[in-house]
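Here is how the chains run, residue by residue.
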Amino acid sequence: MFSFVIALIYLMLAWHFQRTRWAGRSPLLPIQAEPYVLGVALLAHAAVLGLAVVTPLGVNLGIGNATSMLACLILLMVYCSAHWQNLSGLYPLLLPLAALGTGLQAILPAQHLLVDASQPWFKLHLLLALMAYSLLSVATLLALFMTVVEYNLHHVQNHRSLQQLPPLLGLERLLFNTILVGFLLLTAALISGALFSHSRLGAWFLPNHKNIFSLISWLAFGGLLLGHHTLGWRGRLATRLTLLGSVFLLLAYVGSKFVLEVVLRR
């Protein structure tokens, strides 16, 4: 029930931002109240999420809870970043995605109780992985918007929604800064995961689909950063490599959980 209520609030906020940022129409609530209303919605989302994830039986990170957590973290990171750079033009697309992730928490309540959730290496790995996935998901959204802005520049279109985004160079700078931090967090997550795997199973790397896709994604983002700093890679090549790395990261985490918890259980 609470998940659907939060999803409804996100959709109403998305409508508000679409009216004010993209359509130039009158706001549904005062502009000054936007960060407070969105902040309250985020706090409510986090509270409901905490009650669903932390259970008496252990940490439940089923696909519904995991998707909702990623949506909450992505929205939180954009919300915090918006204090330094105008990113409100992202909300009309980002908030419906957050509503979808919140709704999936109620629609797909499959349990996946984590074993050894009290071990320090596992806690560190889980925290780093969620932060890395969230930041690199934000990078994916930025890459998509860069593609739209670049198309607009070449086709001399001047849609109001694009006017609310930062300039292309500003988006590109934000993209690479986000990828750099996300890549460092993903590196730390892979290292902590290897340490946890070695301490529990005696193996540094388990060749399962999650680890393989995560490693491919790490190589894609690492190759992009190396190419950017040594060969000046940018523009379309940068956005395509970002999307490629994000697809493998999505397959590594959400895709594997969907197959294991939804498809194979039918």
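Residues numbered from 1 in each chain as written. Predicted model: local features only at pLDDT ≥ 70, side-chain atom pairs only at ≥ 80, totals over all residues. Heavy atoms only, no water.

Peer 1: Describe the nonpolar core, with residues and values.
Peer 2: One recurring pattern in soluble globular proteins is that nonpolar side chains are buried together. The biggest cluster of nonpolar side chains holds 61 residues, and the ones touching the most others in it are Tyr 10, Leu 38, Leu 75, Tyr 91 and Leu 95. Elements with a contribution of two residues or more to this core: α1 (2-22), α2 (34-53), α3 (63-81), α4 (91-107), α5 (120-155), α7 (168-201), α8 (209-231) and α9 (235-263). The biggest single contributor to this core is α5, with 15 residues. With sequence-adjacent residues up to four places away left out, Leu 95 is seen in contact with Tyr 10, Leu 13, Ala 14, Phe 17, Leu 38 and Leu 75. (Core = buried A, V, L, I, M, F, W, Y, C linked by side-chain atoms within 4.5 Å. Buried < 20%, exposed > 50% of the residue type's maximum accessible area, 1.4 Å probe, protein only. Helix = DSSP H or I, 4+ residues; strand = E, 2+ residues; numbered from the N terminus. Contact = heavy atoms within 4.5 Å.)

Peer 1: Describe the pattern of salt bridges, with residues and values.
Peer 2: Following the criterion strictly, the structure yields two salt bridges and no others. With a closest N to O distance of 2.7 Å, Glu 34 and Arg 21 form a salt bridge. Residue Glu 34 is located in helix α2, and its partner Arg 21 is located in helix α1; the two are separated by 13 residues in the primary sequence. Of the two residues, Glu 34 and Arg 21, neither departs from the other in class, the shared state being buried. Between Glu 172 and Arg 234 there is a salt bridge, with the nearest N and O atoms lying 2.7 Å from each other. On the criterion of sequence distance, the pair formed by Glu 172 in helix α7 and Arg 234 in the loop between α8 and α9 is long-range, its members being 62 residues apart. The exposure class of Glu 172 is buried, given its relative accessible area of 10%. (Salt bridge = Lys/Arg side-chain N within 4 Å of Asp/Glu carboxyl O.)

None of the figures reported here should be taken as evidence of function without further support.
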